[in-house]
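Structural description and commentary
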Amino acid sequence: MTSVTWREALSEEKSKPYFQNILGIIEKERSRGVEIYPPRGQIFNAFKYTELSDIKVVIIGQDPYHEPGQAHGLSFSVPDGCVIPPSLRNIFKELTIEYPDYRIPASGNLEKWARQGVFLLNSTLTVVRGAANSHQSLGWETFTDEVIRVVNANVSNVVYMLWGSFARKKGALVDRSRNAVLEAAHPSPLSAYRGFMGCGHFVMANNYLTSVGRSPVDWQL
């Protein structure tokens, strides 16, 4: 397993003009009073809670929640006290299908997963209040593609959970001979019953981790 840290692995990428341009645009918008989520100090929480060398599972979301108080830098997750969004409710429902004794939590805060090695990465890391996908053309995808390349190059025996077409695109960057790639529909209410519900990914992930000598994830929050 790698000893390389996120800071070491991404320092060059973060110094590139396109990345500095993203940050500059965000600060310019904020200075004009535009509300952008997550808050400034939480944009890179996925990297803060899950170090590169600790990654066991990668779950890729699209972009952050765009209503006040929801986004905190972890895909699908919301802070304590927030109403659980529909996609996350379906994720919890799927867990009750796979684990009949699973208790749906009162909070949608997934930090416990992140601290166990579940890397909760959104493809786009920021969004304007009330405007889904508003920062999709900012250049974040270039950065998060590089993030997946870095994970693939430095950590093996990782489970990639790719839900929906945008997440599946990232699968092209993964060496499937050294990792497990699980694909299904997105857990959104619009598509959950077209292949997400009943997908079995959480059990499959833990079975794979156990088979390669890694500890399973405790999905119970």
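Residues numbered from 1 in each chain as written. Predicted model: local features only at pLDDT ≥ 70, side-chain atom pairs only at ≥ 80, totals over all residues. Heavy atoms only, no water.

1. Quick notes on the pattern of salt bridges
On inspection of all chains with the given rule, the structure shows 12 salt bridges. Between E13 and K16 there is a salt bridge; the shortest N-O distance is 3.0 Å. Overall, the relative accessible area of 7% leaves E13 in the buried class. Judged by relative accessible area, which is 33%, K16 ranks as partly exposed. E183 is the salt-bridge partner of R168, the closest N and O atoms lying 3.7 Å from each other. Of the two residues, R168 is situated in helix α7 (residues 165-170) and E183 in strand β6 (residues 180-184); the sequence distance between them amounts to 15 residues. (Salt bridge = Lys/Arg side-chain N within 4 Å of Asp/Glu carboxyl O. Buried < 20%, exposed > 50% of the residue type's maximum accessible area, 1.4 Å probe, protein only. Helix = DSSP H or I, 4+ residues; strand = E, 2+ residues; numbered from the N terminus.)

2. A look at the environment of E146
Mapped onto the elements, E146 comes out in helix α6 (residues 140-154). Judged by relative accessible area, E146 falls into the partly exposed class, the value being 21%. Expressed as a C-alpha distance, the spacing of E146 and V212, which sit 66 residues apart in the sequence, is 26 Å.

3. Looking at the sheet that holds strand β2 (residues 57-61)
Strand pairing within a sheet occurs via backbone hydrogen bonds; the two strands may be parallel or antiparallel. Pairing is parallel across the open sheet formed by 4 strands, whose spatial order is β3-β2-β5-β6. Whereas interior strands pair on both sides, the edge strands pair on one side only; in this sheet they are β3 (118-122) and β6. Shown here is a sheet whose adjacent strand axes are inclined to one another by a mean of 20°, direction ignored. Across 3 bridges, the pairing between β2 and strand β5 (residues 159-163) is parallel. Across the sheet, V57 pairs through a bridge with V159, a residue of β5. Most of the contacts of α6 go to β3, to which it runs at about 160°, and overall it touches β2, β3 and β5. (Pairing = 2+ DSSP bridges. Axes fitted to C-alpha atoms, helices over the stretch in contact; angles between N-to-C directions. Contact = heavy atoms within 4.5 Å.)

4. Topic: helix α1 (residues 6-14)
Along α1, the residues that are buried comprise W6, L10 and E13. One face of α1 carries all of its buried residues, which in axial projection span an arc of 50°. Residues of α1 that are exposed and point over 90 degrees away from its buried face: R7, E8 and E12. Packing partners of the buried residues in α1 comprise α2 (17-31), α3 (45-49), β3 and α6. (Arc of directions from axis to C-beta.)

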